[in-house]
Amino acid sequence: MGASNLLLIFGTETGNAEELAEDAGRIARSLDIHPTVMDMEDASLGDLSSSKRLIVVCSTWGEGDQPVNAQDLYDSVEESEDGSMEGVNFAVLALGDTAFEFFCESGKEWDVILQKKGGNRVNERIDCDLDYEDYAEDWIRTTLDLLKEVK
Ligand SMILES: Cc1cc2nc3c(=O)[nH]c(=O)nc-3n(C[C@H](O)[C@H](O)[C@H](O)COP(=O)(O)O)c2cc1C
């Protein structure tokens, strides 16, 4: 695989999603995938629509809300034209806490909107409760293998 060929974006308020995205980046490099890890605040609609492989790592805040750093990017995808995510092969890792009514809601929203705008889901979303390290890593490895197959 060539130069940067995987975009990993994170939506976070207290750093868990960022840490997981960085972990996913390290695993990707060990598999000879060349990721770019980005804060959602620094990513544009164009960054997403032009990426062939995309992993979204996003927590949920408030009562089922996007993290502050994720809201603008989410809105711009939601407001984008139909088909804006065509050619984007994606998967979503959602972080949350089952103690809350709207468990992993913002990750669920990302998963829906990316497909609605024409993206291709390569792996089922994973909804992570507080103790997620081991199963999140298994999901990351499976997802990277699937993304590596994308031509
Ligand atoms: C004030 C507050 C509100 C939260 N609201 C939700 C929620 O509505 N749904 C959910 O699944 N998790 C909720 N969480 C849990 C966080 O999503 C979870 O702790 C996550 O690991 C935080 O990741 P981050 O550090 O990347 O932001 C909330 C946590 C706090 C402290």
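Use the structure listed above.
Every residue gets a number counted from 1 within its own chain, in the order that chain's sequence is written. Only residues with pLDDT of at least 70 get local features here, since the model is predicted, and only at 80 or more are side-chain atom pairs given and counted; chain-wide, interface and lining totals rely on the full set of residues.

## A closer look at the overall build of the protein
And then number 1: Going along the chain from the N terminus, every DSSP run of H or I of four or more residues is numbered as a helix, and every run of E of two or more is numbered as a strand. For the protein, the helix and strand inventory stands at 5 helices and 6 strands.
And then number 2: By the convention adopted here, residues are in contact when the distance between their C-beta atoms, placed from the backbone, does not exceed 7 Å. For the protein, long-range pairs separated by at least 24 residues make up 80% of all intrachain contacts whose partners lie at least 6 apart in sequence.

## A short note on the environment of histidine 34
And then number 1: Secondary-structure assignment places histidine 34 in the loop between helix H1 (16–30) and strand S2 (35–39).
And then number 2: For histidine 34, a count of 13 C-beta atoms within 10 Å corresponds to the partly exposed category.
And then number 3: Taking the C-alpha atoms as reference points, histidine 34 and leucine 6, 28 residues apart in sequence, are found 6.3 Å from one another. Using C-beta atoms placed from the backbone, we call a residue buried if 20 or more other C-beta atoms fall within 10 Å of its own, exposed if 12 or fewer do, and partly exposed for counts in between.

## Notes on the packing of helix H3 (residues 68–78) against helix H4 (residues 105–116)
And then number 1: Whenever a helix is involved, its axis is fitted only over the stretch in contact; in every case the axis is a line through C-alpha atoms, and angles between N-to-C directions fall within 0 to 180 degrees. Across the interface, H3 lies against H4 with an axial gap of 10 Å and an inter-helix angle of 25°. Classified by the interaxial angle, the pair formed by H3 and H4 is roughly parallel. Where H3 crosses over H4, the two elements pack in a sense that is left-handed. Residue-level contacts link Ala70, Tyr74, Val77 and Glu78 of H3 to Ser106, Glu109, Trp110 and Ile113 of H4.
And then number 2: Across the contact of H3 with H4, the residue classes tally to 5 nonpolar, 1 polar and 2 charged. By the definition adopted for this analysis, an angle is roughly parallel if under 35 degrees, roughly antiparallel if over 145, roughly perpendicular if from 65 to 115, and oblique otherwise. Crossing handedness is read from the near helix: turned anticlockwise from the far helix by less than a right angle, it gives a left-handed crossing, and turned clockwise, a right-handed one. Think of it as three bins: nonpolar holds Ala, Val, Leu, Ile, Met, Phe, Trp, Tyr, Cys and Pro, charged holds Asp, Glu, Lys and Arg, and polar takes everything else, Gly as well.

## Here we look at the site of the ligand
And then number 1: Not every one of the 21 residues close to the ligand is listed here, only the nearest: Thr12, Thr14, Asn16, Ser59 and Gly96.
And then number 2: Of the residues in the shell around the ligand, the class split is 8 nonpolar, 9 polar and 4 charged. Placing the C-beta atom from the backbone, one calls a residue near a molecule or strand if that atom lies within 6 Å of it.

## Regarding the environment of glutamate 63
And then number 1: In this fold, glutamate 63 is placed in the loop between strand S3 (53–59) and H3.
And then number 2: On the basis of neighbour count, glutamate 63 is assigned to the exposed category, with 9 C-beta atoms found within 10 Å.
And then number 3: Non-local contacts of glutamate 63, meaning those with residues more than four positions away in its chain, are made with Glu101 and Phe102.

## Notes on the pairing of S3
And then number 1: Within S3, 7 of the 7 residues are buried, which leaves the element mostly enclosed by the surrounding structure.
And then number 2: Where burial is concerned, the two faces of S3 agree: the one with Arg53, Ile55, Val57 and Ser59 and the one with Leu54, Val56 and Cys58 are both buried.
And then number 3: Two strands make a pair as long as DSSP finds a minimum of two bridges between them. As paired strands, strand S1 (residues 6–11) and S3 are joined by 5 bridges and run parallel to one another. Counted as the bridge partner of glycine 11 is cysteine 58 from S3.
And then number 4: As paired elements, S3 and strand S4 (residues 89–95) share 7 bridges and run parallel to each other. Across the sheet, serine 59 pairs through a bridge with leucine 95, a residue of S4.

Fair warning: the whole summary comes from geometry, so function is off the table for now.
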